[in-house]
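Descriptive analysis of the structure
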Amino acid sequence: MKQNISNIKRLSNPFAYVLSVCGFFVLLFMVIGSVYYATVAVDYHWRWFKVPQYFMYQPDITLYSEGFGEIESVSPNKDKFDVTVTTDAGERTYTVPKGSFDWTEGDLVSPGDMIATYEGDWQPGILAKGMWVTLKISFISTIFGILLGIIGGVARVSDTPVLKWSSITYVEIIRGSPLLVQIMIFYFVLGTTMNKILLMNGIPKLDPEWYGIMALSVFTGAYVVEIVRAGIESIHPGQVEAARSSGMTYFQCMFHIILPQALRTILPPLAGQFINLIKDSSLLGMISIRELTKATREGITTSLQTFELWIVCAILYLMMTFTLSMCVQYLERRTATR
Amino acid sequence: MIDVKHIYKTFYVPHEVKALVDVSNTIEAGEVVVVIGPSGSGKSTFLRCLNRLETADHGQILVDGVDIFDPKTNINKVRAEMGMVFQSFNLYPHLSVMGNVTMAQKLVRNRPKKERDEKALMLLEKVGIANKAKAWPSNLSGGQQQRVAIARALAMDPKIMLFDEPTSALDPEMIGEVLEVMKTLAKEGMTMVCVTHEMGFAREVGDRVIFMDEGMIVEEGTPEHFFKNPTHDRTKLFLKQIL
Ligand SMILES: Nc1ncnc2c1ncn2[C@@H]1O[C@H](COP(=O)(O)OP(=O)(O)OP(=O)(O)O)[C@@H](O)[C@H]1O
Ligand SMILES: [Mg+2]
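Residues numbered from 1 in each chain as written. Chains lettered and ligands numbered in written order. Predicted model: local features only at pLDDT ≥ 70, side-chain atom pairs only at ≥ 80, totals over all residues. Heavy atoms only, no water.

**With respect to empty space enclosed by the protein**
This model, assessed by the stated rule, comprises 2 cavities of 30 Å³ or more. If you trace the largest cavity, you find it lined by Ala 242, Ser 245 and Ser 246 of chain A together with Arg 79, Ala 80, Met 82, Gly 83, Met 84, Ala 149, Arg 152, Ala 153 and Met 156 of chain B. In the lining of the largest cavity, the residues fall into 7 nonpolar, 3 polar and 2 charged. Taken as a whole, the second largest cavity encloses approximately 50 Å³ of empty space. In this structure, the second largest cavity is lined by Ser 65, Glu 66, Val 85, Thr 87, Gly 90, Arg 92, Tyr 94 and Ile 115 of chain A. Every element with two or more residues in the lining of the second largest cavity is listed here: strand E4 (80-87) and strand E5 (90-97) of chain A. Sort the elements by how many residues they give to the lining of the second largest cavity and E5 of chain A lands first, with 3 residues. Of the residues that constitute the lining of the second largest cavity, the class distribution is 3 nonpolar, 3 polar and 2 charged. (1 Å grid on protein atoms, 1.4 Å probe; cavity = no way out; pocket = protein on both sides within 12 Å on 5 of 7 lines; lining within 4 Å. Points joined across faces, edges and corners; volume = space filled by probe spheres on them. Nonpolar A, V, L, I, M, F, W, Y, C, P; charged D, E, K, R; others polar. Helix = DSSP H or I, 4+ residues; strand = E, 2+ residues; numbered from the N terminus.)

**Overview of the nonpolar core**
Residue and element names in this part refer to chain B. Core analysis: the largest hydrophobic core is formed by 71 residues, its most contacted members being Ile 2, Ile 7, Leu 50 and Ile 61. In contact with Leu 50, other than residues within four places in its own chain, are Ile 2, Val 4, Ile 61, Val 63, Ile 68, Met 82, Leu 162 and Val 193. Membership of the second largest hydrophobic core comes to 49 residues, among which are Ala 133, Val 148, Ile 150 and Phe 227. (Core = buried A, V, L, I, M, F, W, Y, C linked by side-chain atoms within 4.5 Å. Buried < 20%, exposed > 50% of the residue type's maximum accessible area, 1.4 Å probe, protein only. Contact = heavy atoms within 4.5 Å.)

**Considering the site of ligand 1**
Residue and element names in this part refer to chain B. Near ligand 1 lie 13 residues; those nearest to it are Val 13, Ser 39, Gly 40, Ser 44 and Thr 45. Between ligand 1 and Lys 43 there is a distance of 2.9 Å, counted from an oxygen atom to a side-chain nitrogen or oxygen. Contacts to ligand 1 include Ser 44, whose side-chain N or O atom sits 2.6 Å from an oxygen atom. Coverage of ligand 1 by the protein chains reaches 65% of its 630 Å² of free accessible surface. Of all the elements in the fold, those that place two or more residues in the shell around ligand 1 are strand E2 (17-27) and helix H1 (43-50). By residue class, the composition of the shell around ligand 1 is 5 nonpolar, 6 polar and 2 charged. (Near = heavy atom within 4 Å. Polar contact = N/O pair within 3.5 Å; in protein donor to acceptor, adjacent residues only side chain to side chain. Areas by Shrake-Rupley, 256 points an atom, 1.4 Å probe, with all protein chains shown as cover.)

**Re the side chain of Ser 281 of chain A**
All names here are of chain A. Relative to the assigned elements, Ser 281 resides in the loop between helix H7 (250-280) and helix H8 (292-303). Overall, Ser 281 belongs to the buried group, its relative accessible area being 1%. Apart from the residues lying within four places of it in its own chain, the contact partners of Ser 281 are Thr 134, Ser 138, Leu 216 and Glu 291.

**Details of the layout of surface pockets**
All names here are of chain A. Each pocket or cavity is described by its volume, and for the largest pocket that value is around 510 Å³. Lining of the largest pocket is provided by 17 residues; of these, Val 157, Asp 159, Val 240, Tyr 250 and Met 254 occupy positions nearest its centre. Taken together, the residues that form the lining of the largest pocket break down as 10 nonpolar, 3 polar and 4 charged.

**Digging into the environment of Thr 249 of chain A**
Note on placement: Thr 249 of chain A falls in the loop between helix H6 (237-245) and H7. Looking at Thr 249 of chain A, the relative accessible area reads 31%, which means it is partly exposed. Spatially, the C-alpha atoms of Thr 249 of chain A and Lys 80 of chain A are 69 Å apart, while their sequence positions differ by 169 residues. Residue contacts for Thr 249 of chain A: discarding those within four places in its chain leaves Arg 244 of chain A together with Asn 76 of chain B.

**A few points about the side chain of Ser 65 of chain A**
With respect to the helices, strands and loops of the structure, Ser 65 of chain A is situated in the loop between strand E2 (60-64) and strand E3 (69-77). Among residues more than four places away in sequence, those in contact with Ser 65 of chain A are Thr 87, Val 109, Ser 110, Pro 111, Gly 112, Asp 113 and Ile 115 of chain A.

**Points about the sheet that holds E5 of chain A**
Residues and elements named next belong to chain A. Strands sit in the order E5-E4-E3-E6 across an open sheet of 4 strands; the sheet is antiparallel. Lying at the two open borders of the sheet, with one neighbouring strand each, are E5 and strand E6 (108-109). Both E4 and E5 contribute to a ladder of 8 bridges, which runs antiparallel. In the sheet register, Lys 80 faces E5, and the bridge partner there is Pro 97. (Pairing = 2+ DSSP bridges.)

**Concerning the pairing of E3 of chain A**
Residue and element names in this part refer to chain A. The pairing of E3 with E4 spans 8 bridges and is antiparallel. Pairing of Gly 69 across the sheet is with Thr 87, part of E4. Two successive antiparallel strands, E3 and E4, enclose a turn made up of 2 residues, where Lys 78 displays a positive phi of approximately 55°. Where E3 and E6 come together, 2 bridges link them in antiparallel fashion. By the bridge assignment, Glu 70 is partnered in E6 with Leu 108.

Listed below in structure tokens is the structure:
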């Protein structure tokens, strides 16, 4: 049985235990209930049923005639219909579902006449797209963050001044200023300059997403450097001596002997860092990247469902971070078997 | 084979200690040199200077004619020819016994897998633990771990073996099995420098005994001379304490 931190024996009575569990749920419902009643009291109309459309929806499509003319032909095309219209603006063919129009060949049309109206194919909604962007940016930044962190961490513990001092400077500069400011610098300072240079060389400019990814990677990398350094320093120096005395180079010793052992110490704080990364990516909305938080804001400006969407947004972040910490716990158990 | 010429080493942290003071010695090929002396006398520092785990402040060490403190020397090449065995074993805990014995063969010698596996099995057989090839270091006894460490060092086909108190961290009943392996090596003609308190070992296989105190080589000679009629008072005192 798992050892409890407290040596005071509490709730040994099963009845008391059940009562305590019930107490937890009562508390939970009380909090949720009072929030709900408070919102009702200020006349907020909950419309949860409108939330799913922010994940998946079918757009309403309406097609209008572009000029004076007539319906040239109506012919079946698989399970749909081809409606060909000839107007003074030219000939156009619309492929539309059955029942979405009411025309026969030879009918006259004038500009603005509705040719067909129907529900389009299913499409991802703004929250789904935002979540995808958040996941994508977090994933890529995690990879670059780990790379920067390992390189920086190995440099940090080396005796060579150029490596060690570069690493210290990097870490201190990045940890000393707010992430939001760094994002601004990456986008408005570095981004502007780089895009100009790219344009001068005839290369199309980079998407803001890439500047966001750069900012997040560099920021996370600085923290990972310190995590990696602590991990390396937790390994007994005898390991380095054994490896080096057999003729391995510094880097062989690092990558084959020290880092694999340090991984176990590194993993838990690293996971925390990447959970922070997912949450910090919400700041990227400031440079017009439509990640989850910005997508939520945009959803609210059109629907005014402020409460529902912010709550959904928080739950989505929670789901992402929770999944990540589950994965890491699994990894930790795998590496801790020896 | 190894020429040590007037080396000095002083540590300044945490406080000033003269670990080596004007130490000179010549170790011939095939010789088994046993280094003894009280704690803190600089035995480990001397040994660690031989493969540049410590850098001497002054003086020169030539290994096969190569000046190892010369910045132009590729120290990894020199070290590959010198095996080292530590008091605390220092096996790689994230690798199996097999992994421990093959890692440096792969990285330093670039041996193909088949060759290094054969070599590893042959050496594990030699140190008497071939049946533990797939075990993890943490599941072995101290004596077994130290024998793996010896096999790991031998896997590089070193010309010289350095031992720093290889039996000091072992339970008494395990000392014998490690010494046995070392004796076999000595009899096969391996050049060895051993820091040890095992006087029996020194008598049996040692060609020369070096006694160090306060960073200096106080006395040296054959085991017979050394144990029967030591000349210096400090040597006599030390031998009286230890025997
Ligand atoms: N890395 C170091 N930093 C500071 N002082 C050191 C260091 N290594 C050794 N010393 C000091 O140098 C002196 C000689 O140490 P050394 O380890 O060579 O002694 P030793 O003869 O091997 O002793 P022992 O039998 O205890 O292993 C000691 O006083 C020790 O405290
Ligand atoms: Mg020592």
